[in-house]
Amino acid sequence: MSVIFRNFLGFDLIIFLCAAFTAYVYYMTKHSADRLYKKLHLTIFVPDRAASGSEAVRDAKSLSETKVVAMRNHTGRLYSIFVNLTGIFPLLGILGTVISLLGMVKDMDNVQGNFYAALTSTFWGLVFGIVFKFLDGIVSAKIEDNEKNVQLFLERNIAKKEQSSEKVYSEV
């Protein structure tokens, strides 16, 4: 196990820093997706026992199309950053391996140590790639659900506007 942590102050530190930043972006993405879901939940679906009908009506009236679209776009931007960061971990692992192997060519006396250092970069790149891919599956489901809810919300608002404009024209 000490072999895995021996190269930590080398290239592996870059992988860990990228992982910390990616974890932060994941948290922000999930928080944004959850916030949008909570805003839309009472306006799209029938209120449950936790929320009264008056709360649902108040929330539905306070939610505008522009606010919903802005929240969806914000979540989409964060998710795009998260997906791109997730995809670089295997590449960072390979890059760390190549850098360590290049060092092995220069220092043939410590072949075993340089080889271990090369493998730890690959190890951490794959570990973080797998972890963030798993988290991607969790947040992408919420984002897809939000996309459907936003579409339904916008369709209902368009239908309401058409009905109200027909009502105005029929009264005239």
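Residues numbered from 1 in each chain as written. Predicted model: local features only at pLDDT ≥ 70, side-chain atom pairs only at ≥ 80, totals over all residues. Heavy atoms only, no water.

Q: Any chance you could explain the overall build of the chain here in plain terms?
A: When helices and strands are tallied, the chain shows six helices and zero strands. Secondary structure of the chain in N-to-C order comes out as α-α-α-α-α-α. Going through the 172 residues of the chain one by one, you find that 34% of them count as buried. Counting contacts in the chain only where the partners sit at least 6 residues apart, residues at least 24 apart contribute 85% of the total. On the chain, roughly 11000 Å² of surface is accessible, and the fraction owed to carbon and sulfur atoms is 66%. (Helix = DSSP H or I, 4+ residues; strand = E, 2+ residues; numbered from the N terminus. Buried < 20%, exposed > 50% of the residue type's maximum accessible area, 1.4 Å probe, protein only. Contact = heavy atoms within 4.5 Å. Areas by Shrake-Rupley, 256 points an atom, 1.4 Å probe, with all protein chains shown as cover.)

Q: Just to check I follow, could you spell out helix α4 (residues 65-87) for this structure?
A: Residue pairs three or four apart in sequence face the same way in an α-helix, which turns once every 3.6 residues. The terminal C-alpha atoms of α4, which comprises 23 residues, lie 33 Å apart, in line with the 33 Å expected from a rise of 1.5 Å per residue. Of the residues making up α4, those classed as buried are V68, M71, T75, L78, Y79, F82, L85 and T86. (Expected span 1.5 Å × (residues − 1).)

Q: Explanation requested: the pattern of salt bridges in the structure shown.
A: Proximity of charged atoms lets side chains of opposite charge pair with each other. Tallying each qualifying case throughout the model produces four salt bridges. Members of the salt-bridge network, linked through shared partners, are K30, D34 and K142. (Salt bridge = Lys/Arg side-chain N within 4 Å of Asp/Glu carboxyl O.)

Q: When you look at the side chain of S121 in this model, what are you seeing that I'm missing?
A: Note on placement: S121 falls in helix α6 (residues 111-171). For S121, a relative accessible area of 0% corresponds to the buried category. For S121, the side chain forms a polar contact with the side chain of D12, separated by 2.9 Å. (Polar contact = N/O pair within 3.5 Å; in protein donor to acceptor, adjacent residues only side chain to side chain.)

Q: Sorry if this is basic, but what is going on with the confidence of the model for the chain here?
A: Predicted coordinates in regions of low pLDDT should not be interpreted in detail. Across the chain, the average pLDDT comes to 81, with 75% of residues at or above 70. Looking at the elements of the chain, mean pLDDT is at its lowest for helix α3 (residues 53-62), recorded as 61, and at its highest for α4, recorded as 92. (pLDDT = per-residue confidence, 0-100.)

Q: Quick question: what am I supposed to make of the packing of α4 against helix α5 (residues 89-106) here?
A: Each pair of packed helices gets described by two things: the angle between the helix axes and the distance between those axes. At a minimum axis distance of 4 Å, the contact between α4 and α5 shows a crossing angle of 30 degrees. When the axis of α4 is compared with that of α5, the two are roughly parallel. Contact residues: L85, T86 and G87 in α4; F89, P90 and L91 in α5. (Axes fitted to C-alpha atoms, helices over the stretch in contact; angles between N-to-C directions. Parallel < 35°, antiparallel > 145°, perpendicular 65-115°, else oblique.)

Q: Where do I start with the nonpolar core in this structure?
A: Soluble globular proteins tend to bury their nonpolar side chains together. Of all hydrophobic cores here, the largest spans 17 residues; its most connected members are I15, F82, F89, F128, F132 and V139. Broken down by secondary-structure element, the contributors of at least two residues to this core are α2 (11-44), α4, α5 and α6. Other than its neighbours up to four places away in sequence, F89 contacts I15, C18, A19, T22, G125, F128, G129 and F132. (Core = buried A, V, L, I, M, F, W, Y, C linked by side-chain atoms within 4.5 Å.)

Q: For this particular structure, what's the right way to read a nonpolar patch on the surface?
A: Judged by side-chain polarity, L91, I94, V98 and L102 come together as a nonpolar surface patch covering roughly 400 Å² of accessible area. Secondary-structure assignment places L91 in helix α5. What makes L91 exposed here is its relative accessible area of 56%. (Patch = residues over 30% accessible without salt bridge, like charges linked within 9 Å, V, L, I, M, F, W, Y side chains within 5 Å.)

Q: Honestly, α5 in this entry has me stumped. Any pointers?
A: Taking 1.5 Å of rise per residue, the 18 residues of α5 would be expected to cover 26 Å, and the 26 Å separating its terminal C-alpha atoms lies within 8% of that figure. Considered for burial, the residues of α5 that qualify are F89, L92, G93, G96, T97, S100 and M104. Around the axis of α5, the buried residues are gathered within 140 degrees of arc, so they sit on the same side. In this structure, α5 carries L91, L102, V105 and K106 as exposed residues pointing more than 90 degrees from its buried face. (Arc of directions from axis to C-beta.)

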